[in-house]
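# Working through the structure, step by step
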Amino acid sequence: MEKNRIQTELERLKAAGAPVIDMIDTNFHRNGFRLPDEVLRPLFEEYLRVRSYEPDAKGDPRARESIAAYYAARAVSASPERVIITASASESYNLLFNTLAEPGDNILLPRPGYPLFEYLAGFNRLEARFYRMPSDERYRIDLDSLEDAADERTRAIVLISPNNPTGQIAEEAEIEGMLRVCERRGAVLISDEVFSEFVYGEAPSLPRPGALGSPVPVFTLNGISKMFASPDLKLGWMLATGEPSRTAELLKRLEIANDVYLSCSSLSQRILPGLFASAAAFTQAMVREIEGRRAMLIRALEATGTLGFVPPRGGIHCPVEIPGALAGPDDDEELALRLLRERHLYVHPGFFYGFEERPDRLFIVVSFLLAAEKLAEALARLSSFASGGR
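Residues numbered from 1 in each chain as written. Predicted model: local features only at pLDDT ≥ 70, side-chain atom pairs only at ≥ 80, totals over all residues. Heavy atoms only, no water.

So, on to the overall build of the protein. Regarding its fold elements, the protein presents 14 helices and 12 strands. Rg of the C-alpha trace for the protein: 21 Å, near the compact-globule value of 21 Å for 390 residues, within the 12% margin. The dimensions of the protein, computed from C-alpha atoms along their principal axes, are 60 × 50 × 40 Å. Of the contacts made within the protein by residues no fewer than 6 positions apart, 77% connect residues no fewer than 24 positions apart. On the protein, roughly 16,700 Å² of surface is accessible, and the fraction owed to carbon and sulfur atoms is 50%. When the 45 basic and 56 acidic side-chain charges of the protein are each reduced to a single mean position, those positions are 3 Å apart. (Helix = DSSP H or I, 4+ residues; strand = E, 2+ residues; numbered from the N terminus. Rg over C-alpha atoms; globule rule 2.2 N^0.38 Å. Contact = heavy atoms within 4.5 Å. Areas by Shrake-Rupley, 256 points an atom, 1.4 Å probe, with all protein chains shown as cover. Lys, Arg positive; Asp, Glu negative; His and termini not counted. Charge placed at Lys NZ, Arg CZ, Asp CG, Glu CD.)

To continue, consider the layout of surface pockets. One way to see where empty space is left: roll a probe the size of a water molecule over the atoms. Roughly 1,200 Å³ of volume is contained in the largest pocket. T26, Y114, L116, N164 and K226 are the residues nearest the centre of the largest pocket, which is lined by 44 residues in total. Every element with two or more residues in the lining of the largest pocket is listed here: helix 1 (5-15), helix 4 (89-100), helix 5 (116-123), strand 7 (218-223), helix 8 (224-227) and strand 11 (348-349). Split into classes, the residues belonging to the lining of the largest pocket amount to 25 nonpolar, 13 polar and six charged. (1 Å grid on protein atoms, 1.4 Å probe; cavity = no way out; pocket = protein on both sides within 12 Å on 5 of 7 lines; lining within 4 Å. Points joined across faces, edges and corners; volume = space filled by probe spheres on them. Nonpolar A, V, L, I, M, F, W, Y, C, P; charged D, E, K, R; others polar.)

What the three strands build is an open sheet, ordered 9-12-11; its pairing is antiparallel. Strand pairing shows two members of the sheet lacking a second neighbour, strand 9 (317-323) and strand 11, which therefore form its edges. Across seven bridges, the pairing between strand 9 and strand 12 (residues 361-367) is antiparallel. Directly across from E321, in strand 12, lies its bridge partner F363. The strands touched by helix 13 (residues 332-343) are strand 9, strand 11 and strand 12; relative to strand 12, the strand with the most contacts, the crossing angle is about 50°. (Pairing = 2+ DSSP bridges. Axes fitted to C-alpha atoms, helices over the stretch in contact; angles between N-to-C directions.)

All right, on to the packing of helix 4 against helix 9 (residues 244-261) then. Taken N-terminus to C-terminus, the directions of helix 4 and helix 9 make an angle of 120°; their axes are 10 Å apart at the nearest point. If you check the angle between helix 4 and helix 9, you find them oblique. Crossing geometry of helix 4 relative to helix 9 is assigned as right-handed. Of the residues in helix 9, those touching helix 4 at L95, L96, T99 and L100 are L250, R253, L254, A257 and N258. (Parallel < 35°, antiparallel > 145°, perpendicular 65-115°, else oblique. Left-handed = near helix turned anticlockwise from the far one by under 90°.)

Right, let's get into the packing of helix 11 (residues 280-304) against helix 14 (residues 372-388). Helix 14 packs onto helix 11 with a crossing angle of 15° between their chain directions and a minimal axis gap of 10 Å. Here helix 11 is positioned roughly parallel relative to helix 14, judged by the angle of their axes. Helix 14 is crossed by helix 11, and the crossing has right-handed handedness. Note on element contacts: helix 14 touches helix 11 through A372, L375, A376, L379, L382, S383 and A386, opposite R293, M296, L297, A300, L301 and T304.

The next point concerns empty space enclosed by the protein. The final tally for this structure, using the stated rule, is two cavities of 30 Å³ or more. Lining the largest cavity are 14 residues, with M133, I141, I160, Q168 and A170 positioned closest to its centre. Among the residues making up the lining of the largest cavity, the classes are represented as nine nonpolar, three polar and two charged. Taken as a whole, the second largest cavity spans an internal volume of roughly 50 Å³. Along its surface, the second largest cavity is lined by D56, G59, I85, N258, L262, S263, C264 and Q269. Per-class residue counts for the lining of the second largest cavity are three nonpolar, four polar and one charged.

Another point: the pairing of strand 5 (residues 154-160). It is a general feature of regular strands that their side chains alternate between the two faces of the sheet. When you tally the buried positions in strand 5, you get six out of seven residues, the bulk of the element. In this view, the connection linking strand 5 to its parallel neighbour strand 6 (residues 188-192) by way of helix 7 (residues 172-185) has right-handed handedness. (Buried < 20%, exposed > 50% of the residue type's maximum accessible area, 1.4 Å probe, protein only. Right-handed = clockwise from strand over helix to strand, strands pointing away.)

Written out as structure tokens, the structure reads:
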């Protein structure tokens, strides 16, 4: 894959020994969050005592039962028979896109949004269409644009809440509007909740489409990559809710597709019930720590008086608005290059997520997952840029 200009410059600076801070580093392990060995070791040892290979196309029954129990505690009526275990949320997306649609059909994605999903749609020969989440409206879902984008070949609408990269949480009224469009168009709703544990103080509890009792088929995606800071264990899942007669055939096709590869390891599936039972305290402490880093970000951005942002209500990302007077004639790629060369800050330019460039402002995206000391230094450099510009 051809490297872009920002990646090329990043590698050049690192090779020269420049003190670059990666403000978009979202690797939980590198940033100090790793499930402790004392949690994992007894679970691994128990697996070794009973180790056996008993493949199931939907996933280990005990693991599926623990997933259903997790949702039942969150007001989502879930049956283990409507859970399918995969190796990751990305694999879940790919299975859904491949199973729900035929080449030429379309999938509706949020904009701004993470570019992986557009790639997966294209990989499955599907058309990616977009609905708007305008920054001027605090990234609320524009239901009119959703309605305009949908047609008779729309097979799925993707909701990501908490959203990546905006950090915003969809309100119940927005979700209900999305479900109405799904109903009219015969589409399913894919609800990506991989950041569902990362909801912060002033935010309400997370509205979940699967808890609303809609007959529309809803596939809720999550996994242990973020929840237990364990991307290396490679376990995700999808849960189907909605009218059983409308989900039964879809589940059957997904089960067959999942059975082709059986990507998720027996070990990860076998220890999942134990993770739900013993890792909750770790997750809570991790979220509290990240919430503190979020507060640090908010204070620093507010103190600049020039950088715009909407405080993230969840997740680990935050878009930052750079006023045109500060950005000058740059586009957001040139702006990201300036920050890299002049302040040794690696950020993502807004176009990477589909932000629209405007003469009065540009966008960059940063993460507040960074270790506190590194985050403080990065924010000091960004504040210096905001006060000095060129």
